[in-house]
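Here is how the chains run, residue by residue.
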Amino acid sequence: SQTIHQWPATLVQPVGSPLSLECTVEGTSNPNLYWYRQAAGRGLQLLFYSIGIGQISSEVPQNLSASRPQDRQFILSSKKLLLSDSGFYLCAWSRGGAGCETQYFGPGTRLLVL
Amino acid sequence: GQQLNQSPQSMFIQEGEDVSMNCTSSSIFNTWLWYKQEPGEGPVLLIALYKAGELTSNGRLTAQFGITRKDSFLNISASIPSDVGIYFCAGCFGAGANSKLTFGKGITLSVRP
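These remarks concern the structure in this document.

## Some remarks on the packing of aromatic side chains
Line of reasoning, step 1. The full count for this structure, using the stated rule, is eleven aromatic pairs over all chains.
Line of reasoning, step 2. Geometrically, the ring pair formed by Tyr36 of chain A and Phe103 of chain B is edge-to-face, given 5.6 Å between the ring centres and 85° between the ring planes. Taken together, the residues span two chains, with Tyr36 of chain A in strand S4 (residues 32-39) and Phe103 of chain B in strand S9 (residues 100-103).
Line of reasoning, step 3. Overall, Tyr36 of chain A belongs to the buried group, its relative accessible area being 1%.
Line of reasoning, step 4. A centroid spacing of 6.4 Å and a plane angle of 80° characterise the contact between Trp32 of chain B and Phe65 of chain B, whose relative ring orientation is edge-to-face. Placement of Trp32 of chain B in strand S3 (residues 31-37) and of Phe65 of chain B in strand S6 (residues 61-65) is noted, with a sequence separation of 33 residues between them. Residue Trp32 of chain B shares its accessibility class with Phe65 of chain B, and that shared class is buried.
Line of reasoning, step 5. One aromatic cluster is present, formed by Tyr34, Tyr36, Tyr49 and Phe105 of chain A together with Tyr35 and Phe103 of chain B through successive ring pairs.

Right under this line is the structure:
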């Protein structure tokens with residue numbers, strides 16, 4: 001069976017510091033991978049998605065970037081965090097190569113920027 | 001862009017009651033998904049619907065893919081305290097790398113014992 005992990009679970013960072021959140025998927029190959037942000041416990045905003053290694057699409061302009069160095073690893077980064085980057089970050093995967101596949105979410109990372 | 005409407009924002013019911021949640025859009029979708037999110041956790045898939053008119057059950061949950069492909073509903077029967085959470089609908093349209101999942105803003109369900 002497939003599992004998705006996110007690390008860390010919680011993070012408190014000062015404004016201006018860098019960020020690296022990791023997402024890994026097990027039990028599947030060539031998945032589509034997604035990063036979402038959820039503010040105030042509601043509403044999911046798609047930030048990035050990837051259909052393959054090194055292939056990243058950005059949905060909204062922002063202070064964040066994403067990378068996919070390996071097939072089942074997706075990383076969310078920032079060089080300098082802003083207060084507005086605080087939120088609950090969710091990684092998700094779906095089967096690759098097809099359309100309208102169900103997305104499965106990880107446990108999330110709660111980020112607080114002070 | 002495509003938008004999904006879920007209302008009301010919050011619902012309060014008594015344990016044992018049935019509850020129905022709707023999700024509507026002005027756009028057509030190929031797939032409808034219903035998720036539940038508990039505090040501090042990621043959304044968990046409840047039911048997936050792939051065909052217009054499809055009615056699917058998962059225990060006390062029943063969901064339907066609207067015949068117009070522009071709406072879906074989720075019913076929870078005989079609610080229990082652990083049904084508390086945020087219920088999101090999501091619709092998908094497109095194919096391959098161009099397919100996109102659009103989420104509603106969610107409905108927060110509270111169940112009084």
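## So, the sheet that holds strand S2 (residues 19-24) of chain B
All names here are of chain B.
Line of reasoning, step 1. One open sheet accounts for four strands, arranged S2-S7-S6-S5; its pairing is antiparallel. Taken across any chain shown, the strands that pair with only one partner, and hence form the sheet edges, are S2 and strand S5 (55-58). The mean inter-strand angle of the sheet, taken between neighbouring strand axes irrespective of direction, is 15°.
Line of reasoning, step 2. Where S2 meets strand S7 (residues 71-76), six bridges bridge the pair, whose relative direction is antiparallel. Each bridged residue has a counterpart across the sheet, and for Ser20 the counterpart in S7 is Asn75.

Analysis parameters
- Residues numbered from 1 in each chain as written.
- Chains lettered and ligands numbered in written order.
- Predicted model: local features only at pLDDT ≥ 70, side-chain atom pairs only at ≥ 80, totals over all residues.
- Heavy atoms only, no water.
- Phe/Tyr/Trp six-rings, centres within 6.5 Å; stacked < 30°, edge-to-face > 60°.
- Helix = DSSP H or I, 4+ residues; strand = E, 2+ residues; numbered from the N terminus.
- Buried < 20%, exposed > 50% of the residue type's maximum accessible area, 1.4 Å probe, protein only.
- Pairing = 2+ DSSP bridges.
- Axes fitted to C-alpha atoms, helices over the stretch in contact; angles between N-to-C directions.

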